[in-house]
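# Structural features, examined
Listed below are the residues making up each chain.
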Amino acid sequence: MLSKNDMIKLNITSLTSDGDGVARTGEGIVVFVPDTAVGDCISARILKVRKNIAYGKAEEILTPSPDRITPDCSVSRQCGGCVYRHVTYEAELRAKRQKVIDCVTRIGKLDGGLVREIIPSATTDGYRNKAMIPVGLDKNGSVTMGFYARRSHRIVPCAECRLSPGIFNRISADFYEFMKERPALVYSENNRGGVRHLYLRYAEASGDVMVCVVAGKRHFEDEAILYDSLKEKYPQIKSIVVNINPDDTNVILGKKCYTVFGGDCITDTLCGLQFDIAPRSFYQVNRTQAERLYGIARDYACLTGEETLLDLYCGTGTIGLSMARDCKSLIGVEIIPEAIENAKRNAQRNGIGNARFLCADATAAAAQLKGEGIAPDVIVVDPPRKGLTPELIKTVAQMRPARVVYVSCDPATLARDLALFTEQNYSVKEITPVDMFPRTAGVESVVLLSRKMPDDKIEVDLDLDELDLTSAELKATYQEIKDYVLKEYGFKVSTLYISQVKRKCGIIERENYNHSRKENPHIPQCPKEKEDAIRAALEHFAMI
Ligand code: SAH
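The structure reproduced in this document is the subject of the present report. All figures in this text were calculated on a predicted structure; none of them were measured in a lab. (Residues numbered from 1 in each chain as written. Predicted model: local features only at pLDDT ≥ 70, side-chain atom pairs only at ≥ 80, totals over all residues. Heavy atoms only, no water.)

What follows concerns the overall build of the protein. When helices and strands are counted, the protein shows 13 helices and 22 strands. For the protein, the C-alpha radius of gyration of 26 Å lies close to 24 Å, the compact-globule estimate for 544 residues. Reported as C-alpha extents along the three principal axes, the dimensions of the protein are approximately 80 × 65 × 40 Å. When each of the 544 residues of the protein is scored for burial, the buried share is 54%. The contacts in the protein between residues at least 6 apart in sequence include a share of 65% that link residues at least 24 apart. Surface summary for the protein: the accessible area is close to 24100 Å², and the carbon and sulfur share equals 50%. (Helix = DSSP H or I, 4+ residues; strand = E, 2+ residues; numbered from the N terminus. Rg over C-alpha atoms; globule rule 2.2 N^0.38 Å. Buried < 20%, exposed > 50% of the residue type's maximum accessible area, 1.4 Å probe, protein only. Contact = heavy atoms within 4.5 Å. Areas by Shrake-Rupley, 256 points an atom, 1.4 Å probe, with all protein chains shown as cover.)

Right, dumping it as structure tokens:
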């Protein structure tokens with residue numbers, strides 16, 4: 001039997017969703033070892049044993065995985081932020097896509113083939129436009145700033161975070177210089193009024209920076225010295241805010257903010273629109289990648305200009321407003337009052353007149369809208385990690401939108417919710433993972449769900465390949481067609497589009513789920529460019 005402190009040789013065969021390596025002992029015990037890569041052969045020390053699982057530490061890498069690289073951050077092993085700094089970005093992307101596949105198959109009981117290739121981030125360093133940097137006292141009573149160690153509130157000092165833009169590291173260093181001389185200002189059990197976090201935000205388009213000091217009370221000694229030096233040194237700082245949080249809680253931001261310099265918000269440009277962002281409003285941290293994420297959501301929404309669009313968990317309105325010109329009317333729902341204020345102003349400043357925003361809990365608001373007889377054609381949901389409530393899923397289904405676009409930052413709760421949607425007459429058409437947070441464990445996904453039509457109830461549940469009864473011996477699989485198109489044309493096509501083109505070409509002869517636009521206006525139709533590519537693939541595989 002395995003015991004604590006045993007040294008054993010292990011082969012790492014997969015990664016957990018947190019990026020830990022997974023190995024299996026000869027006795028079938030699963031061992032989790034952080035900072036390892038698939039393909040590593042290691043000598044591990046066992047730290048903890050529980051029934052059929054154990055936790056270990058890599059003492060020596062006997063044979064390194066080909067995925068391994070030297071981490072380019074000196075604190076990456078201690079800091080809880082990055083979990084993939086020791087492997088190539090390709091290996092990280094594979095692990096992230098696999099995480100989505102594992103969740104949708106194991107939890108959602110869906111076909112893993114629905115998960116498309118992951119969209120990589122254009123940049124893997126300096127992409128974050130937001131940093132929450134804890135300020136604390138170490139065991140000698142000295143001021144420390146950095147990032148939390150994994151699953152802990154121990155601060156790992158970090159002067160140069162590679163995920164942050166350079167200006168964050170510079171401001172943070174100056175803030176540290178100020179605090180270092182003043183340990184009495186730091187929040188602690190005995191000093192609930194003290195400074196807890198330095199919270200920074202950056203609007204990439206304008207270069208504007210917001211500095212927010214999270215503290216137990218509004219004023220602290222020598223604050224003017226700090227503010228004056230920051231303002232003088234960094235003209236990019238367009239707003240300095242104090243956020244008040246005296247509570248003994250893990251939640252970083254309190255409810256009240258006081259602007260001590262400049263504006264209450266900073267303004268960024270996203271998808272060609274301007275967005276005001278208040279300190280407590282959510283804003284995607286990787287802006288370039290957010291535009292891609294929204295682009296996929298927009299493709300999935302497949303708007304023609306006639307639709308009522310409901311954007312649940314809308315934050316400052318970003319997703320809905322980026323689609324507002326393509327629909328008839330937009331309703332956004334969000335629980336944080338400042339975010340809703342931002343959303344209303346954002347609609348106004350971008351000249352969008354067909355949007356309204358409600359400050360409410362999404363579940364309650366959806367029930368209310370349904371009660372008012374509002375029947376959205378498309379509903380976008382973008383909830384926090386905990387996902388949707390079962391009641392909200394029911395209400396959404398009862399509003400009978402043709403499509404639901406689900407944007408999720410947690411594949412596990414997403415998979416749970418997708419299973420509930422499939423019980424409510426919706427089928428999952430496609431899942432696209434998007435890497436919004438390179439080097440860290442998180443992965444975002446966008447999902448297209450579509451309402452089953454009375455005549456497609458059975459068909460859409462089947463593997464589409466099974467429906468394709470003709471030319472059986474000649475036919476390429478949907479995956480082969482997708483691969484061919486990607487290789488030859490450089491873009492992706494969905495199973496849905498392939499089936500549409502097959503039908504047009506007379507390959508699928510049965511009365512299929514996907515009728516013409518006229519008969520079934522709610523299913524996205526294959527654009528011409530993609531149709532041509534699919535036809536070329538069908539020709540290539542001698543199917544037409
Ligand atoms: N779609 C936005 C925001 C997504 S983040 C964007 O892409 O920028 C999730 C949002 O849900 C946050 O703004 C959060 O404040 C909000 N939220 C959290 N719980 C909620 C609830 N119960 N009802 C409505 N909104 C909620």
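Within the element layout of this structure, Asn286 appears in the loop between β15 (273–277) and α4 (287–301). For the pair Asn286 and Ser206, spaced 80 residues apart in the sequence, the C-alpha separation amounts to 15 Å. Setting aside anything within four residues of it in sequence, one finds Asn286 in contact with Ser121, Tyr127, Asn129, Asp435, Met436 and Pro438. Among the polar contacts made by the side chain of Asn286, one reaches the main-chain carbonyl oxygen of Met436 at a distance of 3.1 Å. (Polar contact = N/O pair within 3.5 Å; in protein donor to acceptor, adjacent residues only side chain to side chain.)

A word on the site of the ligand. Around the ligand, 16 residues are found, and the nearest of them are Tyr294, Glu334, Asp361, Ala362 and Asp382. A distance of 2.7 Å is found between a nitrogen atom of the ligand and a side-chain nitrogen or oxygen belonging to Asp361. One nitrogen or oxygen atom from the side chain of Asp382 is found 2.8 Å from a nitrogen atom belonging to the ligand. Considered on its own, the ligand offers 570 Å² of accessible surface; in the complex 89% of this is hidden by protein. The residue makeup of the shell around the ligand, split by class, is 10 nonpolar, 3 polar and 3 charged. (Near = heavy atom within 4 Å. Nonpolar A, V, L, I, M, F, W, Y, C, P; charged D, E, K, R; others polar.)

Strand pairing in a sheet relies on backbone hydrogen bonds. The paired strands run either parallel or antiparallel. Reading across the sheet, the 7 strands line up as β18-β17-β16-β19-β20-β22-β21 and stay open at both edges, with mixed pairing between neighbours. Both outer strands of the open sheet, β18 (355–359) and β21 (426–434), are each paired with one neighbouring strand and no more. Going from strand to strand, the sheet's axes swing by 15° on average, the running direction of each strand aside. Bridging between β21 and strand β22 (residues 444–451) involves 8 bridges; their strand directions are antiparallel. Residue pairing across strands places Pro433 opposite Ser445, the latter belonging to β22. Along the sheet, helix α6 (residues 337–349) contacts β17 (329–334) and β18; its crossing angle with β18, the most-contacted strand, is approximately 170°. Relative to the sheet, helix α7 (residues 362–371) contacts β16 (308–312), β17 and β18, its axis offset from that of β17 by approximately 145°. (Pairing = 2+ DSSP bridges. Axes fitted to C-alpha atoms, helices over the stretch in contact; angles between N-to-C directions.)

Function cannot be read off these values alone, since they describe shape.
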